[in-house]
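Report on the structure
In case you want the letters, here they are:
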Amino acid sequence: MTVIANIDVSTPTGRKIVRELEKHKRVVQITYPDVETIPEGSITLEEGIEELWNHLENRFGYDLRKQETL
């Protein structure tokens, strides 16, 4: 008998379950979704970094990327 489960690894419990299953390679086969499959509404890392810089600029009133280091 085979069991198929979808585990939400965005939670600590889901990650713990997957780590435990990975220990049993002889009886467990784990298939991860394709990297190409990006959930709707997701953004790229570059877009996320740009949003962070924009947020910091709005918060502090100037662009921290142009800040000179000492």
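Described in the following lines is the structure provided in the data block. Worth saying up front: this structure is predicted, and the values here are computed from it rather than measured.

Once that is clear, we can look at the overall build of the protein. Along its length, the protein carries 2 helices and 0 strands. Against the compact-globule benchmark of 11 Å for 70 residues, the protein has a radius of gyration of 20 Å, which places it well outside the compact range. Viewed in the frame of its principal axes, the protein has a C-alpha envelope of about 60 × 30 × 15 Å. Looking at the protein as a whole, 4% of its 70 residues are labelled buried. Total accessible area computed for the protein in this model is approximately 7300 Å², and 55% of it derives from carbon and sulfur atoms.

Let us look at the pattern of salt bridges. Applying the stated criterion to the full structure yields 3 salt bridges. Across the pair Lys23 and Glu20 runs a salt bridge, and its minimum N-O distance is 3.4 Å. Given the relative accessible area of 39%, Glu20 is considered partly exposed. The residue Asp63 makes a salt bridge to Arg65 at a minimum N-O spacing of 3.1 Å. One salt-bridge network, in which partners are shared between bridges, spans Glu50, Asp63 and Arg65.

Taken as a whole, this structure holds 0 aromatic pairs when the rule is applied. Above the face of the Phe60 ring, Arg59 is positioned so that its terminal group lies 5.9 Å from the ring centre.

Turning our attention to a nonpolar patch on the surface. The grouping of Ile7, Val9, Ile17, Leu21, Ile30 and Tyr32 at the surface amounts to a nonpolar patch, some 460 Å² of accessible area in total. Locating Ile7 in the fold gives a position in the segment before α1 (12-22).

Along the chain, Gly48 falls in helix α2 (residues 45-60). Separated by 43 residues in the primary sequence, Gly48 and Ala5 place their C-alpha atoms 31 Å from one another.

Moving on, we get to the side chain of Asp63. Inspection of the secondary structure puts Asp63 in the segment after α2. Asp63 sits in the buried class, given a relative accessible area of 16%. Only 3.1 Å separates the side chain of Asp63 from the backbone nitrogen of Arg65, close enough to count as a polar contact.

Calculation notes
- Residues numbered from 1 in each chain as written.
- Predicted model: local features only at pLDDT ≥ 70, side-chain atom pairs only at ≥ 80, totals over all residues.
- Heavy atoms only, no water.
- Helix = DSSP H or I, 4+ residues; strand = E, 2+ residues; numbered from the N terminus.
- Rg over C-alpha atoms; globule rule 2.2 N^0.38 Å.
- Buried < 20%, exposed > 50% of the residue type's maximum accessible area, 1.4 Å probe, protein only.
- Areas by Shrake-Rupley, 256 points an atom, 1.4 Å probe, with all protein chains shown as cover.
- Salt bridge = Lys/Arg side-chain N within 4 Å of Asp/Glu carboxyl O.
- Phe/Tyr/Trp six-rings, centres within 6.5 Å; stacked < 30°, edge-to-face > 60°.
- Lys NZ or Arg CZ within 6 Å of the ring centre and 35° of its normal.
- Patch = residues over 30% accessible without salt bridge, like charges linked within 9 Å, V, L, I, M, F, W, Y side chains within 5 Å.
- Polar contact = N/O pair within 3.5 Å; in protein donor to acceptor, adjacent residues only side chain to side chain.

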